[in-house]
Every structure is written in structure tokens, then in C-alpha cells.
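Here is what each chain is made of, one letter per residue.
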Amino acid sequence: MNASDTPVHRRSALRAGAGAAIAAALATGCGDRDTAGTSAKTLTHPAPSKPAATAGAPAPAPAPRRFPGQPVQIGHGPRDRARVALTFHGQGDPAIARTVLAEAERARARITVLAVGSWLDEHPEMARRILDGGHDLGNHTQRHIDISSMDEAQAYAEITGCAQRLRRLTGSIGTWFRPSRTQYATPLVQRLAVRAGYPHVLSYDVDSLDFTSPGAAAVTRKVAGEIRNGSVVSMHFGYADTVAALPLLLTELDRRGLRAVTTTELLT
């Protein structure tokens, strides 16, 4: 084997190439929109070990927890630790969702998925897939419609409808709740979330805007330009731009010494 073929040499070459690519993304404008068939480049990090299988039914998923000193609505984590949370709205093509999960796991990153209840109805296997990868799984309402415009009964039904799906599939209502169609929960929605069993509502301080399909370069530029210690980033399953941008983003986080963790770990 030549010295240039060693794993260390290849890793160094990949990191240098990825650094150049993200620099180009930061310097350029919005790229062309990717098609639905766009596939992402993969990182060469070793795959993480899978959780050990247990006999019988899987253990219930973690329940929501209260974080002392944190407000009901959380937009970011501590700014004095080199950790960030990549959070994904769980909806769309499950094949793309699986690719996002695999890319994160290949880079030894952990993410937070806020699943839409109707998506879980259509793809119930995704709940356990997310949890088995070591990721957080939470509630993003039942139908993903504008919860801020609803009356109390309607809004509460949206929260509890998804919570019931999560409990049926995983044994837990999920670790987090995020309102649909808005960055910030209204005071009413915050109260309803607490009533439903969620001590906190999860917002974010970096919006990738990947749902606008601006191209992978634009998604990369937006997130890399704003992310910092403690950031909570909003991203989405179901968009080819997200898949294409994720390997570069994860490499950039590694270059900066930022570790992508679940929101639970971010705040612990």
C-alpha cells in the first residue's frame, strides 16, 4: 500500500476538498435547484455502532424532560459549549429521510426529528428507525397546518393527535414539541404543549430555508454562515437540497470543532 493510500491521508484529502467546497458555497449565490433524484456525497467517517438488540419488544422511547433554568420556549442551547443541534421536520419521502439519517450516522452525528403525525400514519416504521439511530424523536403536530390560527380545542387536538401516534409507536409522546408553520409558539400553544406533557417547546435560531429549494449551495451558505455554539438549526426531510448539503455541513462543523448532537444532549 502506498503512503498516499492510507486512511489518514485519504481523510486529510477529503477534509481539504470539503473545506474548499464549502468555501465556494459561502462565496457564491443561490445554486440551481436540484431535482428530486439528487443524491448526496458521502463522508468517509466510520459508521457508528448500532444499539444492542434486546429480546422481546423494544424499550419505550425517552419521555419529555424538564431542563431547569430553561424557559418554556427554547431557541438555542448554551453558547459556551461547542455543540449544535440539527433538527429536522419529519415529513416527505421516507427514502430521503433514510438518506439523511444515514449521512448523519456516517459522520457520527446525532439529530432531532420532529415528526408530523400524518407522516407517521403513512410510514410508521420511521419512528423506530429514527430512535434506533440514537436520534431524538419529537412531535410536529398531527397535520402540519398553521397552529397559530387555530382555536384552543383545534390546537390541542393537533398536539395530542401526534402525541398519541408517537406513544402508540414508541411508548412515549416524544422528547420535544415544535409548532407547525411557525418559528415561535404563541402563549396559547405553549400552554397547550405543557398541558399535553411537553415541558418545553422547541424553536430554533438558524433557519436553513431548505424547504424553499434554493439549491444545496444556498442551504450550505445559510447554515454555515449563521451557526455557532449552542445553535438549533431548522431543516427538513423530503428535500434533495438538504441531502446534498448535509455532508458538506457536517464536514464544516467538524472543521470548526462543533459537534452535532441531539437537542437533549445539547441542553444536558
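Treat the numbers as computed from the prediction; the structure is a model and nothing was measured.

Asks: Sorry if this is basic, but what is going on with the environment of threonine 170 here?
Replies: With respect to the element layout, threonine 170 can be found in helix H5 (residues 152-170). Once the C-alpha coordinates of threonine 170 and alanine 61 are considered, the two residues, 109 residues apart in sequence, prove to be 5.5 Å apart. If we ignore the near neighbours within four places in the chain, the residues touching threonine 170 are Ala59, Pro60, Ala61, Ala127, Arg128, Leu131 and Leu137. In terms of polar contacts, threonine 170 uses its side chain to reach the backbone carbonyl oxygen of leucine 166, at 2.7 Å.

Asks: Just checking my understanding: could you explain the packing of helix H7 (residues 216-226) against helix H8 (residues 240-256) for this structure?
Replies: When two helices pack together, their arrangement is given by the angle between the helix axes and the distance between those axes. Close contact between H7 and H8 brings their axes to 8 Å; oriented N to C, the two are set at 35°. For the pair H7 and H8, the crossing hand works out as right-handed. Along the contact surface, H7 presents Ala216, Val219, Thr220, Val223 and Ala224, while H8 presents Asp241, Ala244, Ala245, Leu248, Leu249, Glu252 and Arg256. Taken together, the residues of the contact of H7 with H8 sort by class into eight nonpolar, one polar and three charged.

Asks: Looking at this structure, I do not really get the environment of threonine 160. What am I missing?
Replies: With respect to the helices, strands and loops of the structure, threonine 160 is situated in helix H5. The class of threonine 160 is buried, set by a relative accessible area of 16%. As for threonine 160 and asparagine 139, which are separated by 21 residues in sequence, their C-alpha atoms are 9.0 Å apart.

Asks: Hey, could you run me through the packing of aromatic side chains in this one?
Replies: Two numbers describe a pair of aromatic rings. These are the distance of the centres and the angle of the planes. Counted under the stated rule, the structure contains four aromatic pairs. Ring centres of phenylalanine 177 and tyrosine 198 lie 5.9 Å apart, and the angle between their planes is 40°; on these two criteria the pair is classed as tilted. Here phenylalanine 177 is found in the loop between H5 and helix H6 (187-196), whereas its partner tyrosine 198 is found in the loop between H6 and strand S5 (201-202), with 21 residues between them in sequence. Overall, phenylalanine 177 belongs to the buried group, its relative accessible area being 0%. Three or more aromatic residues link up through ring pairs in this structure, and these residues are Phe88, Trp119 and Phe237. The ring of tyrosine 156 is capped by arginine 195, whose NZ or CZ atom sits 4.9 Å from the centre of that ring.

Asks: What am I meant to see in the nonpolar core here?
Replies: One broad trend across soluble globular proteins is that nonpolar side chains are buried collectively. Leu86, Ile111, Trp119, Tyr198 and Phe237 are the most contacted members of the largest nonpolar core, which has 56 residues in total. Examining the composition of this core, we find that seven residues originate from one element, H8, more than from any other. Setting aside its immediate chain neighbours within four residues, isoleucine 111 contacts Leu86, Phe88, Val100, Leu101, Ala104, His135, Asp136, Phe237 and Thr262. In terms of nonpolar packing, the next biggest core, distinct from the first, is built from 11 residues, Phe67, Ile74, Leu114 and Trp176 among them.

Asks: What is the right way to read unusual backbone geometry from this model?
Replies: A negative phi angle is the norm for most residues apart from glycine, just as the trans form is the norm for most peptide bonds. A positive phi angle, near 60°, is found at arginine 108, a position not held by glycine. Looking at the element boundaries, arginine 108 is found in the loop between helix H2 (94-106) and strand S3 (112-115). One non-glycine residue, serine 213, adopts positive backbone phi at about 50°. Considering the arrangement of structural elements, one finds serine 213 in the loop between strand S6 (206-207) and H7. When its relative accessible area of 21% is taken as the criterion, serine 213 is described as partly exposed.

Basis of the calculations
- Residues numbered from 1 in each chain as written.
- Predicted model: local features only at pLDDT ≥ 70, side-chain atom pairs only at ≥ 80, totals over all residues.
- Heavy atoms only, no water.
- Helix = DSSP H or I, 4+ residues; strand = E, 2+ residues; numbered from the N terminus.
- Contact = heavy atoms within 4.5 Å.
- Polar contact = N/O pair within 3.5 Å; in protein donor to acceptor, adjacent residues only side chain to side chain.
- Axes fitted to C-alpha atoms, helices over the stretch in contact; angles between N-to-C directions.
- Left-handed = near helix turned anticlockwise from the far one by under 90°.
- Nonpolar A, V, L, I, M, F, W, Y, C, P; charged D, E, K, R; others polar.
- Buried < 20%, exposed > 50% of the residue type's maximum accessible area, 1.4 Å probe, protein only.
- Phe/Tyr/Trp six-rings, centres within 6.5 Å; stacked < 30°, edge-to-face > 60°.
- Lys NZ or Arg CZ within 6 Å of the ring centre and 35° of its normal.
- Core = buried A, V, L, I, M, F, W, Y, C linked by side-chain atoms within 4.5 Å.

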